[in-house]
Amino acid sequence: MEFKRRTVLGGMAAGAAILSAPAVLGQTRPRVVVIGGGSGGATAARYIARDSQGAIDVTLVEPSRVYYTCYFSNLYLGGFWELADMGHSYGTLAARHGINVVHDWAVGVDRDAQTVTLAGGDTLPYDRLVLSPGIDFREDSVPGWSVAAQNRMPHAYKAGSQSELLKAQVENMREGGTYCMVAPPNPYRCPPGPYERISMVAHVLSQHNPTAKILIVDPKENFSKQGLFEDGWARHYPGMIERVGPDFGGDIVSVDPDAMTVSIDGVVENVDVCNVIPGQKAGRIAELAGITDDSGWAPAVPANMKSRMDDNVYILGDSAAQGDMPKSGFSANSQAKVAANSIRHELTDARLFPARYANTCWSLIGTDDGVKVGASYEPTDEKIASVEGFISQVGEDADLRQQTYEESIGWYNGIVADMFT
Amino acid sequence: MKVNRFKTILAAGVTLAAIGAGGVQAQTGSGAEPLGNAEHGAELWEYECAACHEMGRGAENGIGPHLTRIYGRRAADVEGFVYSDSIERMGRDGLRWTFRTLDAYIENPYALVSGTRMSYPGLPDAQDRADILAFMRQFSDMPENIPEAEPTARRIEIELPPEVLAIRGDREWGEYLASECTTCHQRDGAAMGIPSITYWPEDRFVVAMHAYKEGLRPHAVMQNVARRLDNEEIAALAAYFATIDD
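Procedures and definitions
- Residues numbered from 1 in each chain as written.
- Chains lettered and ligands numbered in written order.
- Predicted model: local features only at pLDDT ≥ 70, side-chain atom pairs only at ≥ 80, totals over all residues.
- Heavy atoms only, no water.
- Helix = DSSP H or I, 4+ residues; strand = E, 2+ residues; numbered from the N terminus.
- Buried < 20%, exposed > 50% of the residue type's maximum accessible area, 1.4 Å probe, protein only.
- Contact = heavy atoms within 4.5 Å.
- Areas by Shrake-Rupley, 256 points an atom, 1.4 Å probe, with all protein chains shown as cover.
- Buried area = accessible area lost by both parts, 1.4 Å probe.
- Salt bridge = Lys/Arg side-chain N within 4 Å of Asp/Glu carboxyl O.
- Polar contact = N/O pair within 3.5 Å; in protein donor to acceptor, adjacent residues only side chain to side chain.
- pLDDT = per-residue confidence, 0-100.
- Phe/Tyr/Trp six-rings, centres within 6.5 Å; stacked < 30°, edge-to-face > 60°.
- Lys NZ or Arg CZ within 6 Å of the ring centre and 35° of its normal.
- Pairing = 2+ DSSP bridges.
- Axes fitted to C-alpha atoms, helices over the stretch in contact; angles between N-to-C directions.
- Parallel < 35°, antiparallel > 145°, perpendicular 65-115°, else oblique.
- Nonpolar A, V, L, I, M, F, W, Y, C, P; charged D, E, K, R; others polar.
- Patch = residues over 30% accessible without salt bridge, like charges linked within 9 Å, V, L, I, M, F, W, Y side chains within 5 Å.
- Lys, Arg positive; Asp, Glu negative; His and termini not counted.
- Charge placed at Lys NZ, Arg CZ, Asp CG, Glu CD.

**A word on the overall build of chain B**
- Looking only at helices and strands, chain B features eleven helices and four strands.
- The buried share of chain B, taken over its 246 residues, is 50%.
- The long-range share in chain B, meaning contacts at least 24 apart out of those at least 6 apart in sequence, stands at 63%.
- As displayed, chain B has an accessible area near 11800 Å², and 53% of this comes from carbon and sulfur atoms.

Here it is as structure tokens:
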């Protein structure tokens, strides 16, 4: 072969085309869009990107630049943690794992075209969509309450500014005043969460406002870890906490944020701080995507967390109707790993492993007084079913309770590393 | 009676031979087995245990804690003895000394307490262990005096077959399974509140997980995790965590 200048130039052009090939090929990589950067979404994005080693293009859509975990926000209310301790950025997901992190609101899903529309006007195509949008509130859950009144009566069930607001209200409550919590009906995010919050508020009040009272207005007959909480309240905060269940009108409640009153089965109570945790449903984008049912939640396939309504869509965490798993950060994290494995299998022929689900939930009752409950789960055709569980026992010694609390901090550090590093 | 390295085994052996024989006779027809041969156990005690431990009336802490009334006692509960953090944690988790847990501990201390300071390679022979434990049983509460005291006879124990320890783990399978572990245990080995399992030797990982699976190790979360792992899965996890490179 005789080399001529034209040949060399031609070769260089071909070389340039080859060098640019990764960018061209990059556009043909399968695309996964994840909506929601919490325990479900961040975990799914990280595991898909990390384990596919660049074979899958992952975009994470999350409006917040700093994510505040809802778990441990009660400990912030109690003065045990700082809000900054619960804040996490998405920088490592982008820098280390190549995830395209988009800080915007997803406002629409076209499941036929397989695209997501953002509030900023952009459109994201996907081969698989992961929805992990957490919860939204049912507007008619507590008559008189709306998000327009949430500064008067904060929910503080999405961590951040609402947590700061409720903490300030508790700390500035008048001496001998009344803190009222309107507890949510089932199902809702973090079953023991409201009662851990009661413990933390009681902890603060017992130190700074010991004649104050706490009133729980609860539509439910019973609640998670009830025996443990009630035992702890009697030990740490005797006489401070009163709970009104449905037997005494706890399920017939309305509020007046302007007057700062709570009506319980027609009896009006004046309160000083009112923490309304409304009834809940799947995050709004799940509803807009058309994957929720009449229950307000999004049904999921137990074996892999796919939406029962669309093979290309996965639904994780609080929004999912999957069976026996509680709505918790641990559950969302656990489900995300199953979904990530399924997605990698579908898009890159990675090995498919059977689903494994677990959950453990720790609660703090008072200083160094931690308890836990947990279970393991297996998918059946019908649902994700609980197969074995455990719970802390009343009467455990102080050292074990302290160890359980320290364990919860270890878990916190573990799960956020599992999501964000 | 106080048994320690400064005493000859003769007196103890004579005494315990009588007690041991009585125990065997009492169990005839019950279907239960004696814990072991206490007389032989007394001899083994001198070689295996007495350099570090005392036992009996007036026994004191030495290199190890005294072992008087050890049956039924919570782990790391002898006043005045400074234990390792690991065994103190096990005690808080609810580890109690029974024939079963003591047997596991003597066979391989790391099976029960990964960070134990008990510098002892383990006693592989099951009959030898049973004999020592039968001897030690004499220095704890007896059911005729304390009805809730630990049993003095035993059922057949399930042993971990050698082939289980020989399974070579599927590391990729282990990596997937490990995602369940890393919700709590950090991959980089950071340990605060929850111990590190990063870079554990495979054999130690396997025996620890089987100890949880069988209920020897007491932590409820770990028992819950381990009980649904089969032998292959435990081996796979061991292979992954031994070589984790994330």
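So, next bit.
**Examining the interface of chain A and chain B**
- The partner chain B presents 29 residues to the 41 residues of chain A that form the contact.
- Counting the surface lost from both chain A and chain B, the interface buries some 3000 Å², and carbon and sulfur atoms represent 47% of this.
- Three residues, Phe353, Arg356 and Gln403 of chain A, lead the burial of chain A against chain B; their summed loss comes to 23% of the area buried on that side.
- Remark: the boundary between chain A and chain B carries nine salt bridges.
- The interface formed by chain A and chain B holds 24 residue pairs in polar contact (both at pLDDT 80 or more) in total.
- Contributing elements (two or more residues each) for the side of chain A that touches chain B: helix H3 (39-52), helix H10 (329-348), strand E23 (357-366), strand E24 (369-379), strand E25 (384-391) and helix H11 (398-420) of chain A.
- If one sorts the elements of the side of chain A that touches chain B by residue count, H11 of chain A sits on top with 13 residues.

**Considerations on the confidence of the model for chain B**
Residue and element names in this part refer to chain B.
- On average, chain B scores 83 in pLDDT, and the residues at 70 or more come to 84%.
- Counting contacts from residues 4-30, a segment whose pLDDT is below 50, to residues more than four positions away or on other chains yields 29 contacts.
- Predicted as a complex, the structure gets a pTM of 0.81 and an ipTM equal to 0.72.

**Topic: unusual backbone geometry**
Residues and elements named next belong to chain A.
- A cis amide bond links asparagine 186 to the next residue, proline 187, at an omega of -10°.
- The phi angle at methionine 305 is positive, at roughly 75°, despite the residue not being glycine.
- Structurally, methionine 305 is set in the loop between strand E19 (298-299) and strand E20 (306-307).
- Residue classification places methionine 305 among the buried positions, given a relative accessible area of 0%.

**Considerations on the environment of aspartate 418 of chain A**
- Structurally, the position occupied by aspartate 418 of chain A is in helix H11.
- Residue classification places aspartate 418 of chain A among the buried residues on the basis of a relative accessible area of 2%.
- Taking the C-alpha atoms as reference, aspartate 418 of chain A lies 14 Å from tyrosine 67 of chain A; in sequence the two are 351 residues apart.
- For aspartate 418 of chain A, the contacting residues outside a window of four places in its chain are Arg46, Tyr47, Asn333 and Lys337 of chain A together with Ser179, Thr182, Thr183 and Arg187 of chain B.
- Polar side-chain contacts of aspartate 418 of chain A include one of 3.2 Å to the side chain of asparagine 333 of chain A.

**Here's the deal with the packing of aromatic side chains**
All names here are of chain A.
- Inspection of the entire model under this criterion finds 26 aromatic pairs over all chains.
- With a centroid separation of 4.7 Å and an interplanar angle of 50°, the aromatic rings of phenylalanine 72 and tyrosine 412 are classed as tilted. With phenylalanine 72 in the loop between strand E3 (66-68) and helix H4 (73-77) and tyrosine 412 in helix H11, this pair connects stretches of sequence that are 340 residues apart. Per residue, the accessibility class of phenylalanine 72 equals that of tyrosine 412, and both read buried.
- Both rings, one in tyrosine 90 and one in phenylalanine 420, keep their centres 5.6 Å apart while their planes meet at 75°; by these two values the pair is edge-to-face. Within this pair, whereas tyrosine 90 is found in the loop between strand E4 (87-89) and helix H5 (91-97), its partner phenylalanine 420 is found in helix H11, the two being separated by 330 residues in sequence.
- A relative accessible area of 3% means that tyrosine 90 is categorised as buried.
- Here the aromatic residues Tyr71, Phe72, Trp81, Phe330, Trp362, Trp411 and Tyr412 are joined through ring pairs into a cluster of three or more.
- The residue whose ring lies beneath lysine 327 is tryptophan 297, and the NZ or CZ to ring-centre distance is 3.8 Å.

**Let's talk about the sheet that holds E24 of chain A**
- Strand order across the open sheet formed by three strands is E23-E24-E25 (chain A), with antiparallel pairing between neighbours. Only two strands of the sheet have a single partner each, and these edge strands are E23 and E25 of chain A. Between one strand axis and the next, the sheet turns by 20° as a mean value, whatever way the strands run.
- Against the sheet, helix H10 (residues 220-227) of chain B makes contact with E23, E24 and E25 of chain A, and its axis sits at roughly 145° relative to E25 of chain A, the strand it touches most.

**What to know about the packing of helix H9 (residues 202-213) of chain B against H10 of chain B**
Residue and element names in this part refer to chain B.
- Between H9 and H10, whose axes approach to 7 Å, the crossing angle comes to 100°. Taken together, the axis directions place H9 and H10 in an arrangement best described as roughly perpendicular. Of H10, the residues touching H9 (which contributes Met209, Tyr212 and Lys213) are Met222, Gln223, Ala226 and Arg227.
- In the contact of H9 with H10, the residues fall into four nonpolar, one polar and two charged.

**With respect to a negative patch on the surface**
All names here are of chain A.
- A cluster of acidic residues, Glu221, Asp247, Asp251 and Asp265, forms a negative patch on the protein surface.
- Relative to the assigned elements, glutamate 221 resides in the loop between strand E12 (213-217) and helix H8 (226-236).
- Residue glutamate 221 is classed as exposed on the basis of its relative accessible area of 56%.

**Some details on helix H3 (residues 85-93) of chain B**
- If you check which residues of H3 of chain B are buried, you get Ile87, Arg89, Met90, Gly91 and Asp93 of chain B.
- On its buried side, H3 of chain B packs onto H11 of chain A together with helix H4 (99-107), helix H5 (109-112) and H9 of chain B.
- In the stretch just after H3 of chain B, glycine 94 of chain B is the one whose phi turns positive, near 115°.

**Notes on the pattern of salt bridges**
- Taken as a whole and assessed by the stated rule, the structure comprises 38 salt bridges over all chains.
- With its nearest N and O atoms 2.7 Å apart, the salt bridge here joins aspartate 103 of chain B to arginine 129 of chain B. In this pair, aspartate 103 of chain B is assigned in helix H4 and arginine 129 of chain B in helix H6 (residues 126-137), connecting sequence segments 26 residues apart.
- Look at aspartate 103 of chain B and you get buried, because its relative accessible area is 13%.
- Judged by its relative accessible area of 3%, arginine 129 of chain B falls in the buried class.
- A single network of salt bridges, built from pairs that share partners, joins Asp231, Arg235, Asp369, Glu396 and Arg401 of chain A.

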